[in-house]
Structures are given as structure tokens and as C-alpha cells.
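Chain residues, written in single-letter form:
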Amino acid sequence: MPHFKKPDEGSWTEHYPSLGTKPVSYADSISPEFYELERDAIFRRTWLNVGRVEQLRKKGSYFTRELQAARTSLVIVRGMDDKIRAFHNICRHRGNKLVWSDYPGEETSGVCRNFTCKYHGWRYELDGKLAFVQQEQEFFALDKADYPLAAVQCEVWEGFIFVNLDPANTTPVRDYLGKFGAGIEGYPFHKLTQVHKYRAEIRSNWKLFIDAFTEFYHAPVLHARQAVAEESVKLREYGYEAIAYEIDGPHGVVSSWGGMAPPKDLNMVKPIERVLRSGLFGPWEPPDIGLDQFPPGLNPARHKAWGLDSFLFFPNFMVLIWKPNWVLTYNYWPTSYNTHIFEGTCYFAPPRNARERIAQELAVVSFKEYGLQDANTLEATQSMLESATPVKTFPLNDQEILLRLLHVTAQRYVREYQQTKARAA
Ligand code: FES
Ligand SMILES: [Fe+2]
């Protein structure tokens, strides 16, 4: 049963004794050594969301992902049999990167019938089989069957494509995503094909940005200027309290009210929002996406004022499902201990007219405004966490439960990985 806070039930955090309530060290966010461990312990062992099936519409559609954190580049492709597969992006002949366009370090996408290496022309089928070797007779008893592309586990859940770089990991992605994944299965993600994406290089540890997006109570303070002046004063006075927080294994959810879509009183929002009937919480009129009722995992508290649920699927994938029928996802890709690439993707039903399109765009740019304010703050936080101050631990409050979960979980994965390695040695 979800743990809904009731006056006699104590706090959210205390429902999960393994999290503790003590101040938390952020040594895990400023240490190059810890990051090196995270790469192997987390990013090479867990299921990672790398995209959506709509990015691979046709047979032969492919895209590459530069997963620095997981120490590899992947090519993800829809085969002639319509199956989606992932491969390490390396040619079996002499190790050239197989798929890239203008710059080898940049991601690319396209449609092809097979992959041909730019170096000596080895050619691979879309299922990874080696089909052609230049001057094959000059090799020494080379059997092409011995040199397929190196496959990576790849599974699709509700249209989201996941990879797992640990060959020993046999947990299907559906099981890995646990009850939160199961609870939103059946949501018509595939109908939200109007996609807007942001990508930003952020100078902070990847976990700090997740921290900023798994609690909302900073909003009335950090984002005060986004609201109209009077509203902003009220918001700050009342503060913010989520409807529910819940944890399942390494994953978490925060369920929030959504009073701004539409607002109770039009004076609460800016003129442009009044005119376009849209804002941060999305266009106010939900499009018809064939959803008679929400999947059971949404609005777990069955709250009247429910507005969105924000799921954190460990380690780096967040899915926000908003009441007015749209979805936002976040992916955080570390590039070093104090830098990462952030991807924010907004998914809407295709707009039927210019008005709907502009309403969606207002939601998208509002999200960007908030995101920029958050990102700015993160860089300021990272620089001070790394500085030579005596301040080393931080008191996380009850609504910072998912931050606590993230840091405790990352530290646990690293610890368990070290123990496994020590046993094997
Ligand atoms: S490295 Fe790819 S064909 Fe030689
Ligand atoms: Fe924020």
C-alpha cells in the first residue's frame, strides 16, 4: 500500500528506515573516484532509457547514443524483422567507430539498409551479422559468422527503448521498473507524437539535477518570479507540500497537485497564459488521447487536486505524466564527476490547429525557463560543494526524501559493486 502521510503516521521518510533521517554527505557528487565507480557499478549494470520507438519508424531506422558514463557508444536500429536491437558501435575489423556522420564524437541518426565501415568497407546487416569483408581471401581462415557486431541487451517497455550493458543481468526491464512501471502501463504514450526536446551541457554532477527535479518545494522560492507578483508572495507564504511520496526499490515517485491547469482564478497567471490557456502545467484543455481513465498507478492518493506524477526510475530516467494529457521525460547523462548532459523531452498529442500548437509551445518554453533557473543554481551549488569549506553534510527534509533515496541508492550500488569485485579477486 502506498504510504500516504496522515497526521498519526509520522513522516514520508520515516516509512523507509533504510533511508535514515541524518544529514547527507555529498561526497558522492564531487569525487572523480566515486564517479569512476558509478560508471561501472550503475551505468554499466542498470537498464538505461536511450530513446523511444517513434525515433525508429521504419525498418533500417537507427540512431547512435554516446554513453560516456557507460564507457561506450551504441547504435540502436530497427531491423528488417521490425525488432529493435542495440550494438556497440565498433567495427569488428580494427575497431573503427561504425556509425557516425560529420564528427565521430557526435550522435547521429538516419535510415539505412546495412552499416558499412568507413575504414575498409566491412558491411553488417541490421541484425548485426557481418555480410561483407573487403578482400576476404587475404584474411586467415576468417569465418564471417565469428564477427557479428557486439550486441547489447535491448528491450522496449511502453515504447521506451532501454539497454543494459551487463550481460550477466537477466532481469527484464519490466521487472526492473517494478510497481511504478507496472502502474502506468497502458498509458497512451504512443499517441503523444508531437515532441519538443532540449539538451544542455550542465556543469554539475548528474545527481544534483535529479535532486532539483525530485522535490518541488524550491519552486515558490527559486522560481518566484515566474508567477504574477501577488501570487508569488502567497506561494512563498504557504510553501509547497506534495500530495504523496512513495518508494519502490531504487525508484521513487512524487505526486503533486496541479492547480494551474487551469488556475482557479485567471489573475493568478500571466496575461500570455490567460490568452493561450497554457503554461508550465501544459495546455489547459486536455486533448482526447483515448484515455477513459488513468492507469491505476497515476494519482496514487486519488486526490481531487492531482496535477502530475513524477517518477524517478533509477538511475537517470524521469517520467512526468501531467493531468492534461501530456508527458515530460528527463534523462541525465554524466560526462564527468561534475558535468552531465541533460535532456528534457516534452510529448504532446499532435496539435490540430495553430492555437493548440502555440499553447503547447508556451508549455515548452515555460519548462525551459524553469529549467534554466534550476541549471544555473546547480552550477553554483556544485562549485561550492567542491570548494574547501568545512560544510560537508546537508540536512535533507521530509520532502527531500527522493534525493535521499537517490544518494543512498547510488552509494549502495557502488558499495555492492566493490564487494562483488573484492570477492572475485
Ligand atoms: S576497421 Fe572497419 S573495416 Fe576496417
Ligand atoms: Fe525547479
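The structure presented is a predicted model; accordingly, all values stated were derived computationally and were not measured.

1. Some words on the sheet that holds strand β11 (residues 160-164)
Right, so step 1: Ordered in space as β2-β11-β10-β5-β4-β3-β6, the seven strands form an open sheet in which the pairing is antiparallel. Each end of this open sheet is capped by a strand with a single partner; those strands are β2 (48-52) and β6 (109-111). Shown here is a sheet whose adjacent strand axes are inclined to one another by a mean of 25°, direction ignored.
Right, so step 2: Taken together, the four bridges between β2 and β11 define a ladder with antiparallel strand orientation. Of the residues in β11, the one forming a bridge with Gly51 is Ile161.
Right, so step 3: Sheet strands in contact with helix α2 (residues 173-183) are β10 (151-157) and β11, and its direction is about 30° off that of β10.

2. A closer look at empty space enclosed by the protein
Right, so step 1: A full pass over the atoms with the stated rule returns one cavity of 30 Å³ or more.
Right, so step 2: Here the largest cavity is characterised by a volume of approximately 30 Å³.
Right, so step 3: Taken together, Cys91, His93, Arg94, Gly95, Asn96, Cys117, Tyr119, His120, Gly121 and Trp122 make up the lining of the largest cavity.
Right, so step 4: The residue makeup of the lining of the largest cavity, split by class, is four nonpolar, five polar and one charged.

3. Concerning the coordination of the iron ion (ligand 2)
Right, so step 1: Protein coordination of the iron ion (ligand 2) is provided by His218 (NE2), His223 (NE2), Asp374 (OD) and Asp374 (OD), with donor distances spanning 2.1 to 2.5 Å.
Right, so step 2: Classification of the site at the iron ion (ligand 2) rests on its four donor atoms, whose angles at the metal span 56 to 143°, yielding the label irregular.
Right, so step 3: Sequence positions of the residues that donate to the iron ion (ligand 2) give the spacing H-x4-H-x150-D. One end of the pair, His223, is in the loop between α4 (219-222) and α5 (229-238); the other, Asp374, is in helix α7 (residues 354-385), and 151 residues separate them in sequence.
Right, so step 4: Residue His223 is classed as buried on the basis of its relative accessible area of 4%.

4. Considering the domain arrangement of the protein
Where the parts come together, the accessible area they lose is often given as the size of the interface.
Right, so step 1: Per the domain assignment, the segments making up the protein are domain 1 (17-41 + 179-424) and domain 2 (50-165).
Right, so step 2: Centre-to-centre separation of domain 1 and domain 2, based on C-alpha positions: 32 Å.
Right, so step 3: Counting from both sides, the interface comprises 20 residues of domain 1 and, opposite them, 14 residues of domain 2.
Right, so step 4: Both faces combined, the contact of domain 1 with domain 2 buries some 1500 Å², and carbon together with sulfur accounts for 54% of it.
Right, so step 5: Along the contact surface separating domain 1 from domain 2 lie three salt bridges.
Right, so step 6: Between Arg71 and Asp40 there is a salt bridge; the shortest N-O distance is 3.1 Å.

5. Topic: the layout of surface pockets
Right, so step 1: Empty space within the second largest pocket amounts to approximately 410 Å³.
Right, so step 2: The wall of the second largest pocket is formed by 18 residues, among which Asp211, Glu215, Thr381, Glu400 and Leu403 lie closest to the centre.
Right, so step 3: Elements with a contribution of two residues or more to the lining of the second largest pocket: α3 (206-213) and α7.
Right, so step 4: With five residues, α7 is the largest single contributor of residues to the lining of the second largest pocket.
Right, so step 5: Residues belonging to the lining of the second largest pocket are distributed by class as follows: 11 nonpolar, three polar and four charged.

Conventions used here
Residues numbered from 1 in each chain as written. Chains lettered and ligands numbered in written order. Predicted model: local features only at pLDDT ≥ 70, side-chain atom pairs only at ≥ 80, totals over all residues. Heavy atoms only, no water. Pairing = 2+ DSSP bridges. Helix = DSSP H or I, 4+ residues; strand = E, 2+ residues; numbered from the N terminus. Axes fitted to C-alpha atoms, helices over the stretch in contact; angles between N-to-C directions. Contact = heavy atoms within 4.5 Å. 1 Å grid on protein atoms, 1.4 Å probe; cavity = no way out; pocket = protein on both sides within 12 Å on 5 of 7 lines; lining within 4 Å. Points joined across faces, edges and corners; volume = space filled by probe spheres on them. Nonpolar A, V, L, I, M, F, W, Y, C, P; charged D, E, K, R; others polar. Donors = N, O, S within 2.8 Å, 3.2 Å for Na, K, Ca; no water. Tetrahedral: all angles 85-135°; square planar, octahedral: opposite > 155°, others 65-115°. Buried < 20%, exposed > 50% of the residue type's maximum accessible area, 1.4 Å probe, protein only. Domains from an automatic or database assignment. Buried area = accessible area lost by both parts, 1.4 Å probe. Salt bridge = Lys/Arg side-chain N within 4 Å of Asp/Glu carboxyl O.

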